[in-house]
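Coordinates in review
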Amino acid sequence: MSIGIVVFPGSNCDRDVRWATEGCLNIPTRFLWHETRDLSGLEAVVLPGGFSYGDYLRCGAIARFAPVLESIIDYVDKGGKVLGICNGFQVLTELGLLPGALTRNQNLNFICEDVSLKVGSTRTKWLNAKECGDLIKLPIAHGEGRYQCSTDTLKLLQDEERIALSYVSNPNGSVADIAGITNLKGNVFGLMPHPERACDPLTGSIDGRSILLSLIS
Amino acid sequence: MPSFKAQVLVSLRPSVLDPAGEATKSAANRLGIQGLESLRIGKSIEIQIHAPNEQEARRRIELLSDRLLANPVIEDWTLEMKPLPSNRVE
């Protein structure tokens, strides 16, 4: 049982994720170059953080057309798990696998800090090791993490228990303090915080472990 | 085949907050520019395209604008197009 990490030109958290999954959690991991279409034998796929294709035009707008992502649509339809972290979350919204969009932080700063997050839904396996209302600590590092969606979409996300994580103290102006959401089926999860940077006690928190472990559970 | 010059203007939808525009507006105030009621920042994309006719050129650029240049969740776009004199590249 292994997982894949997509590598776009400009990804810069691909190795961090592998360090966490393989090094900290013993999950067999392979890299998926953005031009591949072969997702065979993968339990889950991670879209890592970074600046895919330079994030020109809009974050994630160009990555959306990568060959590997054509395969991912089909993979998700068949129930495959996809975790989008930071830039990966932006790509998932551009791709339409998750609703809404990530826009420039309200205060215009690139924010790099540990944040407290509240678990808003344990409906999916990504966070079912937690209880609703639990607090976890994960690092964020983004300039464009302000989640935006229409009021109709927000209501849908709330009604369908798809807001997996929300900020305790909203750092970027996201609608309804949203930090991470899932699709309806629950096999796609996008979040701005970086669970892979919270897998070793030396880096301050191991709250990211359960999220990455759910890639193979 | 005739060439056309197109300009696609991408702007944030009115409901979407534009922090960069707000910051620029504050700077305009500091510069002493008076009377600014709103300032919103968008993108202008200039395109040259050859196509059998204007209708086809327009169809292609509308598709491009819808699918790539703008994100309909947060952005609107408008298109202006004019024919270019033949064999002229600007």
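Our structure is the block above this text.
The structure presented is a predicted model; accordingly, all values stated were derived computationally and were not measured.

1. What about the overall build of chain A?
Helices and strands together make up the secondary structure of chain A, namely five helices and 11 strands. The C-alpha atoms of chain A give a radius of gyration of 15 Å, which matches the 17 Å a tight globule of 217 residues would have. Along the longest, intermediate and shortest principal axes, the C-alpha atoms of chain A span 40 × 40 × 30 Å. Per-residue burial over chain A gives 58% buried out of 217 residues. The long-range share in chain A, meaning contacts at least 24 apart out of those at least 6 apart in sequence, stands at 73%. For chain A, the computed accessible surface area is about 8,500 Å², with 50% contributed by carbon and sulfur atoms. Considering chain A, the positive charge centre built from 20 side chains and the negative charge centre built from 24 side chains are found 2 Å apart.

2. Let's talk about the sheet that holds strand S3 (residues 75–84) of chain B
Residue and element names in this part refer to chain B. In space, the three strands of this open sheet follow the order S2-S1-S3, with antiparallel pairing throughout. Every interior strand has two partners, whereas the edge strands, strand S2 (43–50) and S3, have only one. When the angles between neighbouring strand axes are averaged without regard to direction, this sheet yields 20°. Here strand S1 (residues 3–12) pairs with S3 via 10 bridges, running antiparallel. Paired with Ser11 across the bridge in S3 is Asp76. Set on the sheet, helix H2 (residues 54–69) makes contact with S1, S2 and S3; between it and S3 the angle comes to about 155°.

3. Description of the sheet that holds strand S4 (residues 81–85) of chain A
Hydrogen bonds between backbone atoms are what pair the strands of a sheet, whose relative direction is either parallel or antiparallel. Residue and element names in this part refer to chain A. Reading across the sheet, the nine strands line up as S2-S1-S3-S4-S11-S10-S9-S6-S7 and stay open at both edges, with mixed pairing between neighbours. Either end of the sheet is taken by a strand with one partner, and the two such strands are strand S2 (29–33) and strand S7 (135–142). Ignoring strand direction, the axes of neighbouring strands in this sheet form an average angle of 25°. Sheet analysis places strand S3 (residues 42–47) next to S4, joined by four bridges and oriented parallel. Within S4, the position partnered with Val46 by the bridge is Leu83. Relative to S2, helix H1 (residues 14–24) is tilted by about 160°, and along the sheet it contacts strand S1 (2–7), S2, S3 and S4.

4. Focus: helix H3 (residues 87–95) of chain A
Residue and element names in this part refer to chain A. The buried fraction of H3 is high, at nine of nine residues. Where H3 is concerned, the buried positions are Asn87, Gly88, Phe89, Gln90, Val91, Leu92, Thr93, Glu94 and Leu95. Gly96 occupies a position one or two residues after H3 and carries a positive phi of about 85°.

5. Details of the pairing of S4(A)
Residues and elements named next belong to chain A. Across the five residues that make up S4, a large majority, five, are buried. Going residue by residue along S4, you find Lys81, Leu83 and Ile85 tucked away on one face and Val82 and Gly84 tucked away on the opposite face as well. Viewed along the sheet, the connection from S3 through helix H2 (residues 67–77) into S4 turns out right-handed. Where S4 and strand S11 (residues 188–191) come together, four bridges link them in parallel fashion. From the neighbouring strand, Gly84 faces S11, where its bridge partner is Gly190.

6. A short note on the interface of chain B and chain A
With 14 residues of chain B at the contact, the number on the chain A side is 15 residues. Carbon and sulfur atoms make up 62% of the surface buried where chain B meets chain A, a total of about 1,200 Å² over both sides. The three residues of chain B that bury the most area against chain A are B:Pro19, B:Arg67 and B:Leu68, which together make up 36% of that side's buried surface. Scanning the region where chain B abuts chain A turns up one salt bridge. Taking the shortest distance from any N to any O, the salt bridge between B:Glu75 and A:Arg58 comes out at 3.5 Å. Those elements that provide at least two residues to the side of chain B that touches chain A are helix H1 (19–31) and H2 of chain B. Residue composition of the side of chain B that touches chain A, grouped by class: 10 nonpolar, one polar and three charged.

7. Quick word on the nonpolar core
Considering soluble globular proteins, one finds that nonpolar side chains tend to be buried as a cluster. Core analysis: the largest hydrophobic core is formed by 64 residues, its most contacted members being A:Ile72 and A:Leu83. The residues contacting A:Leu83, other than those within four sequence positions of it, are A:Val45, A:Val46, A:Leu47, A:Trp126, A:Phe189, A:Leu191, A:Ile211, A:Leu212 and A:Leu215. With 14 residues, the next largest nonpolar core counts B:Phe4, B:Ile49, B:Leu79 and B:Met81 among its residues.

8. Remarks on H1(B)
Every α-helix winds through 3.6 residues per turn, so residues three or four apart in the chain are directed the same way. Compared with an ideal rise of 1.5 Å per residue, which puts 13 residues at 18 Å, H1(B) spans 18 Å between its outermost C-alpha atoms and is within 8% of the ideal. Close packing links the buried residues of H1(B) with strand S8 (146–148) of chain A. Downstream of H1(B) by one or two residues, B:Gly32 has phi in the positive range, about 95°.

Calculation rules
Residues numbered from 1 in each chain as written. Chains lettered and ligands numbered in written order. Predicted model: local features only at pLDDT ≥ 70, side-chain atom pairs only at ≥ 80, totals over all residues. Heavy atoms only, no water. Helix = DSSP H or I, 4+ residues; strand = E, 2+ residues; numbered from the N terminus. Rg over C-alpha atoms; globule rule 2.2 N^0.38 Å. Buried < 20%, exposed > 50% of the residue type's maximum accessible area, 1.4 Å probe, protein only. Contact = heavy atoms within 4.5 Å. Areas by Shrake-Rupley, 256 points an atom, 1.4 Å probe, with all protein chains shown as cover. Lys, Arg positive; Asp, Glu negative; His and termini not counted. Charge placed at Lys NZ, Arg CZ, Asp CG, Glu CD. Pairing = 2+ DSSP bridges. Axes fitted to C-alpha atoms, helices over the stretch in contact; angles between N-to-C directions. Right-handed = clockwise from strand over helix to strand, strands pointing away. Buried area = accessible area lost by both parts, 1.4 Å probe. Salt bridge = Lys/Arg side-chain N within 4 Å of Asp/Glu carboxyl O. Nonpolar A, V, L, I, M, F, W, Y, C, P; charged D, E, K, R; others polar. Core = buried A, V, L, I, M, F, W, Y, C linked by side-chain atoms within 4.5 Å. Expected span 1.5 Å × (residues − 1).

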